[in-house]
Amino acid sequence: MSADQFLFLLVAALAAGALGSALGMAGGIFVVPVLTLFAGASFPVAVAVSLISVIACSCASAPRFLTAGLTNLRLAVVLEVATALGALAGILMIGLVHEQILYGIFAAVLLVSAIQMLAARRARAPLPQDRIGERLRLNSSYTESDGSAVVYTVSRVPLGLSFMFGAGLLSALLGIGSGVLKIPAMDAAMRLPLKVSSATANLTIGVTACGTAAAALLAGNLNLSLAVPIVLGSVAGSMLGARVLVRVAGPGLRIAFILVLLVLAIPMTMNALGMQLGGHS
Amino acid sequence: MTTTASASAGDRALSRRIVALMRWGTLAASILLVGAAVLTWAGMASAASVAGVAGSGAFILLPLLRLLLMLSHFGRRTDRPYLGITALVIVLVLTSAITGMLL
């Protein structure tokens, strides 16, 4: 790989990680299109590299959320049962789903993410206590920076688990963190406070992706020349994103994010329709 | 600063251990990947490949190590439901890795 290519991938991953982390995502949704459309990678190669990058973003962001007391560790591990099961189902489906269909699903995920971003996340009224949530001691609280305590209950755990199964499945097939399903699962279905939802979803990304990523590494299917710049760029971007980008860009960031998602959806849709864009190594 | 008011002291200790694991683990894995890039440019392809696999592997291991930390925490507290749930997640992740490798 030339120095120019290395730099291009590093900068692209840095932008993906920064944009993603500023808006509560892992950035995999940008990494796969960048690799397939601009780096000549085949879909499975891009998925393997992207999975390592989303794990890296999750690990890099986790300390910030944990230190702030926003991550609900018990809820995370409960949800990981569903995401890990979904990922296992996704692994069993790899090879059975045609690449054009995967491009189609990816394009749909990009469009749904753009719509979600357009609608903006909003806090919803809490629901009555869930028996499962109570039995598993999932209800918790955190303290805001102004010192006020926010007590929350975890509702509709089975519905949340169903969404999380889908998130795991998508993660294994598409190499993404699956914020597209995790956000509705935690915000709308389980009615968690937005900060808790983002922090807990971030932690679950690593476990969701690590089985599939380990399989790719152990089977020798990980393209290291692509992985090194992508992962390093993603880590740097995810650490910069939340600290710098939000303050600098303000509401314009959301519009930029939507535009990038829509622009990337076009070539991914064309690939789904059999108009081969990008190389295949 | 925000703190989890209702979390037990034990859970807060677990949280601190996970923070340390993620911080130092991310740093170590990133250093290995920077090493891989430097070795590639220096023309040492096989050493670069070893560093790249080690760095990527370190990132993959971090979530699994986090689960093992949680397993040991719940085990010490004889929190049987969470001991079982965490063990199940570990089994599912390992099954995924083995299945994916064999397919």
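Everything discussed here concerns the structure shown above.
Residues numbered from 1 in each chain as written. Chains lettered and ligands numbered in written order. Predicted model: local features only at pLDDT ≥ 70, side-chain atom pairs only at ≥ 80, totals over all residues.

Draft legend 1. Here's a closer look at the overall build of chain B. Secondary structure summary: chain B contains 3 helices and 0 strands in total. Of the regular secondary structure in chain B, the N- to C-terminal order runs α-α-α. For a compact globule of 103 residues, the expected C-alpha radius of gyration is about 13 Å, and chain B comes in at 18 Å, more than 25% above that figure. Judged by the C-alpha coordinates and their principal axes, chain B covers about 55 × 40 × 20 Å. (Helix = DSSP H or I, 4+ residues; strand = E, 2+ residues; numbered from the N terminus. Rg over C-alpha atoms; globule rule 2.2 N^0.38 Å.)

Draft legend 2. Inspection of the packing of helix α9 (residues 194–218) of chain A against helix α3 (residues 80–102) of chain B at higher detail. The interhelical angle for the contact between α9(A) and α3(B), taken along N-to-C directions, is 30°, at an axis separation of 7 Å. By the criterion of interaxial angle, the relationship of α9(A) to α3(B) is roughly parallel. Seen along the crossing, α9(A) lies across α3(B) with a hand that is right-handed. Contacts between α9(A) and α3(B) pair V207(A), C210(A), G211(A), T212(A), A214(A), A215(A) and L218(A) from the former with V89(B), V93(B), S96(B), A97(B), G100(B) and M101(B) from the latter. Along the lines of polarity and charge, the residues of the contact of α9(A) with α3(B) split into 9 nonpolar, 4 polar and no charged. (Axes fitted to C-alpha atoms, helices over the stretch in contact; angles between N-to-C directions. Parallel < 35°, antiparallel > 145°, perpendicular 65-115°, else oblique. Left-handed = near helix turned anticlockwise from the far one by under 90°. Contact = placed C-beta atoms within 7 Å. Nonpolar A, V, L, I, M, F, W, Y, C, P; charged D, E, K, R; others polar.)

Draft legend 3. A look at α3(B). Relative to the 33 Å expected for 23 residues at 1.5 Å per residue, α3(B) spans 33 Å between its end C-alpha atoms, a close match to the ideal helical length. Along α3(B), the residues classified as buried are Y82(B), I85(B), T86(B), V89(B), L92(B), V93(B), S96(B), A97(B) and G100(B). Check the buried side of α3(B) and you find it contacts α4 (73–93) and α9 of chain A together with α2 (45–76) of chain B. (Expected span 1.5 Å × (residues − 1). Buried ≥ 20, exposed ≤ 12 C-beta atoms within 10 Å, placed from the backbone.)

Draft legend 4. Expanded view of the packing of α9(A) against α2(B). Taken N-terminus to C-terminus, the directions of α9(A) and α2(B) make an angle of 140°; their axes are 9 Å apart at the nearest point. Taken together, the axes of α9(A) and α2(B) lie oblique to each other. As for the relative orientation of α9(A) and α2(B), their crossing is left-handed in sense. Contacts from G206(A), V207(A), C210(A), A213(A), A214(A) and L217(A) of α9(A) reach α2(B) at V53(B), S56(B), G57(B), I60(B), L62(B), P63(B), L64(B) and L67(B).

Draft legend 5. Quick peek at the interface of chain B and chain A. Listed per partner, the contact involves 47 residues of chain B and 52 residues of chain A. Secondary structure elements with two or more residues in the side of chain B that touches chain A: α1 (9–41), α2 and α3 of chain B. Partitioned by chemical class, the residues of the side of chain B that touches chain A number 28 nonpolar, 17 polar and 2 charged.

Draft legend 6. Quick peek at the pairing of strand β1 (residues 140–143) of chain A. All names here are of chain A. Residues S140 and Y142 point to one face of β1 and are all buried, whereas S141 and T143, pointing to the other face, are not buried. Two elements, β1 and strand β2 (residues 149–152), share 4 bridges in a ladder whose sense is antiparallel. Within β2, the position partnered with S141 by the bridge is V151. In this structure, the hairpin formed by β1 and β2 is closed by a connection of 5 residues, where G147 is found at a positive phi of approximately 95°. (Pairing = 2+ DSSP bridges.)

Draft legend 7. Seen up close, the nonpolar core. One finds V49(A), I52(A), I55(A), A213(A), V231(A) and F59(B) to be the most contacted residues of the largest nonpolar core, which totals 132 residues. Residue contributions to this core peak at 17 residues, all from helix α3 (residues 43–67) of chain A. Setting aside anything within four residues of it in sequence, one finds A213(A) in contact with A48(A), L51(A), I52(A), I55(A) and I60(B). (Core = buried A, V, L, I, M, F, W, Y, C linked by C-beta atoms within 7 Å.)

Draft legend 8. Highlighting α4(A). Residue and element names in this part refer to chain A. Taking 1.5 Å of rise per residue, the 21 residues of α4 would be expected to cover 30 Å, and the 30 Å separating its terminal C-alpha atoms lies within 8% of that figure. Helix geometry: α4 is bent most strongly at E80, by close to 30°. Counting buried positions over the 21 residues of α4 gives 18, a clear majority of the element. At the exit of α4 stands G95, carrying a positive phi of roughly 95°. (Bend = angle between axes of the 7 residues up to and from the residue.)

Draft legend 9. Main features of the environment of A215(A). Within the element layout of this structure, A215(A) appears in helix α9. Residue classification places A215(A) among the buried residues on the basis of 26 C-beta atoms within 10 Å. Taking the C-alpha atoms as reference points, A215(A) and G179(A), separated by 36 residues in sequence, lie 22 Å from one another. The contacts of A215(A), once residues within four sequence positions are left out, are I91(A), S96(B), A97(B), G100(B) and M101(B).

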